[in-house]
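Observations on the model geometry
The chain contents come next:
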Amino acid sequence: MLTDACPRRVQLRIEGKSVLHAPTALYRGVLVGEVLREYHEGQAWGVTPSVVVDTVAARVRNHFDSEGRVMTDSVDANIAEIHAEVSSIVALYVARFADRFKNAELIGCELPCRMQIGKVKFASHLDLLFRDTHGSICGEAGRLVVWDWKWRQDAPTRAYLSRNLQLALYWLMVQRGSICVSPAFDMWNKYEENPVVMWCHLPALKPFSRATTVKDDDGLEREYVKGDFRPERNIIRDCGFRNGMQHFAQDEILKRVELMRRGLDIAIPDPTGCMLCECEPWCRRFDTAETGLRTP
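Residues numbered from 1 in each chain as written. Predicted model: local features only at pLDDT ≥ 70, side-chain atom pairs only at ≥ 80, totals over all residues. Heavy atoms only, no water.

Some words on the nonpolar core
In terms of nonpolar packing, the biggest core is built from 45 residues, with Tyr27, Leu31, Tyr93, Phe101, Trp147, Trp149 and Leu202 touching the most fellow members. Ranked by residues supplied to this core, first place goes to helix 5 (residues 79–102) with 10 residues. Those residues in contact with Tyr93 that lie beyond four places of it in its chain are Leu36, His40, Trp45, Ala98, Phe101, Leu128, Trp147, Trp149, Cys200, Leu202 and Leu205. Formed by 30 residues, the second largest nonpolar core is a distinct cluster that contains Val120, Ala168, Val197 and Ile253. (Core = buried A, V, L, I, M, F, W, Y, C linked by side-chain atoms within 4.5 Å. Buried < 20%, exposed > 50% of the residue type's maximum accessible area, 1.4 Å probe, protein only. Helix = DSSP H or I, 4+ residues; strand = E, 2+ residues; numbered from the N terminus. Contact = heavy atoms within 4.5 Å.)

Dropping the structure here:
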């Protein structure tokens, strides 16, 4: 909620005021997250991605059905293409990272986490938490790593990541909060360590679609041709959160909470986003429409 483009939408979802549909972005995001979770937690590194995708897709559909969430016509019409795209990305992910993750200490995927600052309680989930035993992923042997999978059109800049309150919250939770390392047995751990927080930009696993010149993993300008794989620095983005900056992150998070409590949603409505938003019928507006009724 802290970093959603529209905090008002998140609040309405919490209140149960949303249209339960599953557009392409939601379905694809949930599917790829659950597939990658299967690889990490099930150590399924040798299994063909399309097989895992088909198996997990059935579970995702069942979960959506249990929520009363309906697939949009676009998802149903393009389901084969969505599955093929997810399988392709997962295959590239496995090829890039499987050997290194085999040597890392997995703590878990989709782990509940919680923390309290003063009287304010926070709760969230971590996509993936592991200890980089040999330092082959984050570059520092033994460091805890919070790894956040993202499938978005635009790659994040360092300026964006360094101010991202969602990722900063994860950073603080590992240091000051509790992590549920075994949801099945409700086992919570306190790590009290300063983790590395990394954004994994899944679309960047795809090879270049045209010739381009970017910095390689050594920081040197290099010309890549169509079909070349992107340097790892384009896929894994370290947020660079620095020890000693915790109180600044905490202050910004509490500031955002206070603004939301005052009803200041810090969101700029946009024509397309508001039209497609599942919470639109319940959102505040300034014409004659009654709350809870969609207008043409």
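Here's the deal with the pairing of strand 8 (residues 196–201)
The two faces of a sheet get side chains in turn, since along a regular strand they alternate between them. Of all six residues that make up strand 8, six are buried, and the element is covered over most of its length. Relative to strand 8, strand 5 (residues 143–150) runs parallel, the two being bridged by six bridges. Across the sheet, residue Trp149 finds its bridge partner in strand 8, namely Cys200. As paired elements, strand 8 and strand 11 (residues 236–238) share three bridges and run antiparallel to each other. The residue bridging Met198 from the neighbouring strand is Asp238, located in strand 11. (Pairing = 2+ DSSP bridges.)

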